[in-house]
Amino acid sequence: MAVPPLSISVRNVHIEYELYSDRRAAIAQRLITRTGTGRSVVRAVRGISFDVREGEAVGVIGSNGSGKSTLFSALAGLLAPARGQILVSGEPTLLGVGASLLPRASGYRNIRIGCLALGMSSQEIDARLPELIEFTELGEAIHRPLRTYSSGMRARLHFAIATSVEPKILLIDEGLAVGDRRFRRKSNQRIRGLLDKAGTLMMVTHSLGEIRHTCDRALWIEQGKLVADGEANDVVDAYTEASER
Amino acid sequence: MTATENATALRPLHTQAPVDRYLADMWSRRDFAVAMPVEQIRASHQDTLLGNIWHLGNPMLNVAVYYLVFGLMLNTDRGIRNFILWLTVGVFAYRLTQASVTGGARSISRNQGLLRSLRFPRALLPVSEVISRLLTFGFELGVLAVLAVGTGEGVSRRWLALPFVILVHTMLNLGGAFITARLNDSFRDVEQIVPYMFRLLRYVSGVMFPIERYLDNATTAPYIQRIFNLNPLVDLVNLYRWVFLGLPMELFQVAQLVVVSSLVLMVGFWYFRRAELRYGRS
């Protein structure tokens, strides 16, 4: 059997970001001592390389602050790497629970605006909206402002938006762990459907069971560097062993 | 199959699209650029008792305040025919630029949630901010029309020029919004400063009293007059007054306005886009 084509290629990627709160101190220091770069930079990802093929489901694990979420922002095209390159075969879609789109607007409006931003037309959205709303199972709550939602409700909404365009590359950052069993079963079905259509999934989660269950491969990241890359169960075993030591 | 063979289908994720592709991408998401302002207008007064009536209430109260101060107390209306309409036209036209550019400054910083979750041409955010202000301006044009008829100015054929006037005006506002949006993304202090800048600029733009009164004497140095005359807001306000009051407007001024507005738009778009990949990361 032929090897499926590559869908993501990450080549020696370094990602840095600036700490906003430090800027004032940095400018002051620069004015007084005339030294320093005037910036306070966090090196979140330090030289990571890997390839992902179509139809693969890859889990990413690592302790808090290891650079997983930063890497995902870059994979979604939202953050540019300081060095290295990321190549993709299609437009990636990121699903995260951290950021809510428009907190003051209703869930209904958020679906509309989210889908519009992803490039769907108004008519397309009108046609798909009933199905998307049904998928979220939010009922009457769909007309309440997003800021009143629980994290599980928000996850359902974001999942519906992110999968509305049938992305070739779906990135999930802790998106499913907050959902209840029923939602997880439903979202898993959608993910399976996506993978069957030669889509690619990458997910960050602290639920190791979810990695074993959903992914066939896992990456272990620590302090911005790749520690292990291999079969999901092997990597999770190694990670569990290391963290219990 | 070798890796290089496979890699042909891949494209770099973090490259800036060429201008034509970028514009095409923006155009294909035009529904988004309109849905955002509608959402914003919906949300902007949702906590107030009178709700959307404030879209009319705010500008009218503004005019009332200026009329009291400049018309009745300071008597700046000496010699100006139909001062109330003259003033209202100036205030509304100036406010559109002020609101667009100040709003543009916040368009990136206030939408971090969107920027961190979804990928789309970032220029759509300042654009939707400008569209949002244009929608409010629609209400104000209604007020102006009623006022023009009510004060005996009547309906004029000059009103047909409004689409052109608004187009030029929007080019200027959009350019300004692009510039402040990027500046404010780098330095959040900008959105604090911009309102004061506009408050100052208002006094030299002939909004509440004609600047000619202060420039038309021999004591003003020619270079100062030249600086004042370059201010596109003066020409813009004059153009609106030509539409509603029939005040003289020279073709030269219109041409200068079109040139300056186009330049501001082009420079603003270029400046904003240069930081495209940086928005939403701080």
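Residues numbered from 1 in each chain as written. Chains lettered and ligands numbered in written order. Predicted model: local features only at pLDDT ≥ 70, side-chain atom pairs only at ≥ 80, totals over all residues. Heavy atoms only, no water.

**Let's talk about the pairing of strand β1 (residues 6–18) of chain A**
When a strand is regular, its side chains alternate between the sheet's two faces.
Residue and element names in this part refer to chain A.
Okay, step 1: Where β1 and strand β2 (residues 41–53) come together, 10 bridges link them in antiparallel fashion. For Val13, the partnering residue across the bridge sits in β2 and is Ile48.
Okay, step 2: As paired elements, β1 and strand β4 (residues 83–88) share five bridges and run antiparallel to each other. Residue pairing across strands places Arg11 opposite Gln85, the latter belonging to β4. (Pairing = 2+ DSSP bridges. Helix = DSSP H or I, 4+ residues; strand = E, 2+ residues; numbered from the N terminus.)

**A look at the confidence of the model for chain B**
Okay, step 1: On average, residues of chain B score 85 in pLDDT, and 90% of them reach the 70 mark or higher.
Okay, step 2: Under a pLDDT of 50 for its full length, residues 1–7 of chain B has, in the predicted model, seven contacts with residues more than four places off or in other chains. (pLDDT = per-residue confidence, 0-100. Contact = heavy atoms within 4.5 Å.)

**Things to note about the side chain of Thr163 of chain A**
All names here are of chain A.
Okay, step 1: Its place among the elements puts Thr163 in helix α5 (residues 151–164).
Okay, step 2: There is a polar contact of 2.7 Å between the side chain of Thr163 and the backbone oxygen of Phe159.
Okay, step 3: Sequence-distant contacts of Thr163, that is, excluding residues within four places in its chain, are made with Leu170 and Arg190. (Polar contact = N/O pair within 3.5 Å; in protein donor to acceptor, adjacent residues only side chain to side chain.)

**Quick word on helix α9 (residues 190–203) of chain B**
Residue and element names in this part refer to chain B.
Okay, step 1: Counted at 1.5 Å a residue, the expected span for α9 with its 14 residues is 20 Å, and the 21 Å between its end C-alpha atoms agrees.
Okay, step 2: By the burial criterion, the buried members of α9 are Val190, Glu191, Val194, Phe198 and Arg202. For α9, the angular spread of buried residues about the axis comes to 115°, placing them on one side. Exposed residues on α9 whose side chains face more than 90 degrees from its buried face are Gln192, Ile193, Tyr196 and Leu200.
Okay, step 3: On the buried face of α9, the contacting elements are α4 (54–73), α5 (83–109) and α8 (162–186). (Expected span 1.5 Å × (residues − 1). Buried < 20%, exposed > 50% of the residue type's maximum accessible area, 1.4 Å probe, protein only. Arc of directions from axis to C-beta.)

**Structural notes on the environment of Ala162 of chain A**
Residue and element names in this part refer to chain A.
Okay, step 1: Take Ala162: it is sitting in helix α5.
Okay, step 2: Here Ala162 falls in the buried class, since its relative accessible area comes to 3%.
Okay, step 3: In the structure, Ala162 is positioned 10 residues away from Ile172 in sequence and 9.2 Å away in space, judged by C-alpha atoms.

**Looking at helix α2 (residues 68–75) of chain A**
Helical geometry note: an α-helix holds 3.6 residues per turn, so side chains three or four residues apart project in the same direction.
Residue and element names in this part refer to chain A.
Okay, step 1: Most of α2 sits out of view: seven of its eight residues are buried.
Okay, step 2: For α2, the set of buried residues is Lys68, Thr70, Leu71, Phe72, Ser73, Ala74 and Leu75.
Okay, step 3: Just past α2, the residue Gly77 takes up positive phi, approximately 80°.

**Structural notes on the sheet that holds β4 of chain A**
Backbone-to-backbone hydrogen bonds join strands into a sheet, with any given pair of strands oriented parallel or antiparallel.
Okay, step 1: Here four strands make up an open sheet; going across it, the order is β2(A)-β1(A)-β4(A)-β1(B) and the pairing antiparallel. Strand pairing shows two members of the sheet lacking a second neighbour, β2 of chain A together with β1 (11–12) of chain B, which therefore form its edges.
Okay, step 2: Strands in contact with α2 of chain A are β1, β2 and β4 of chain A; relative to β1 of chain A, the strand with the most contacts, it is inclined by about 120°. (Axes fitted to C-alpha atoms, helices over the stretch in contact; angles between N-to-C directions.)

**Describing the pairing of β4 of chain A**
Okay, step 1: Both β4 of chain A and β1 of chain B contribute to a ladder of two bridges, which runs antiparallel. Looking at the pairing, Leu87 of chain A lines up with Pro12 of chain B of β1 of chain B.

**Side note on the packing of α8 of chain B against helix α13 (residues 251–273) of chain B**
All names here are of chain B.
Okay, step 1: Relative orientation of the contacting elements α8 and α13 amounts to 30°, with a least axis distance of 8 Å. The orientation of α8 relative to α13 falls into the category roughly parallel. Where α8 crosses over α13, the two elements pack in a sense that is left-handed. Contacts from Phe164, Val168, Met171, Leu172, Leu174, Gly175, Gly176, Phe178, Ile179, Ala181, Arg182 and Leu183 of α8 reach α13 at Val254, Leu257, Val258, Ser261, Ser262, Val264, Leu265, Gly268, Phe269, Tyr271 and Phe272. (Parallel < 35°, antiparallel > 145°, perpendicular 65-115°, else oblique. Left-handed = near helix turned anticlockwise from the far one by under 90°.)

**Describing the interface of chain B and chain A**
Okay, step 1: Taken together, the contact pairs 37 residues of chain B with 45 residues of chain A.
Okay, step 2: Our count for the contact surface shared by chain B and chain A stands at two salt bridges.
Okay, step 3: Ionic pairing is found between Arg119 of chain B and Glu91 of chain A, a salt bridge with its closest N-O pair at 2.8 Å.
Okay, step 4: Where chain B touches chain A, the interface holds eight residue pairs in polar contact (both at pLDDT 80 or more).
Okay, step 5: At the level of secondary structure, the elements contributing two or more residues to the side of chain B that touches chain A comprise α1 (3–7), β1, α3 (30–44), α6 (112–117) and α8 of chain B.
Okay, step 6: Per-element accounting of the side of chain B that touches chain A gives the leading share, seven residues, to α3 of chain B.
Okay, step 7: Residues belonging to the side of chain B that touches chain A are distributed by class as follows: 17 nonpolar, eight polar and 12 charged. (Salt bridge = Lys/Arg side-chain N within 4 Å of Asp/Glu carboxyl O. Nonpolar A, V, L, I, M, F, W, Y, C, P; charged D, E, K, R; others polar.)

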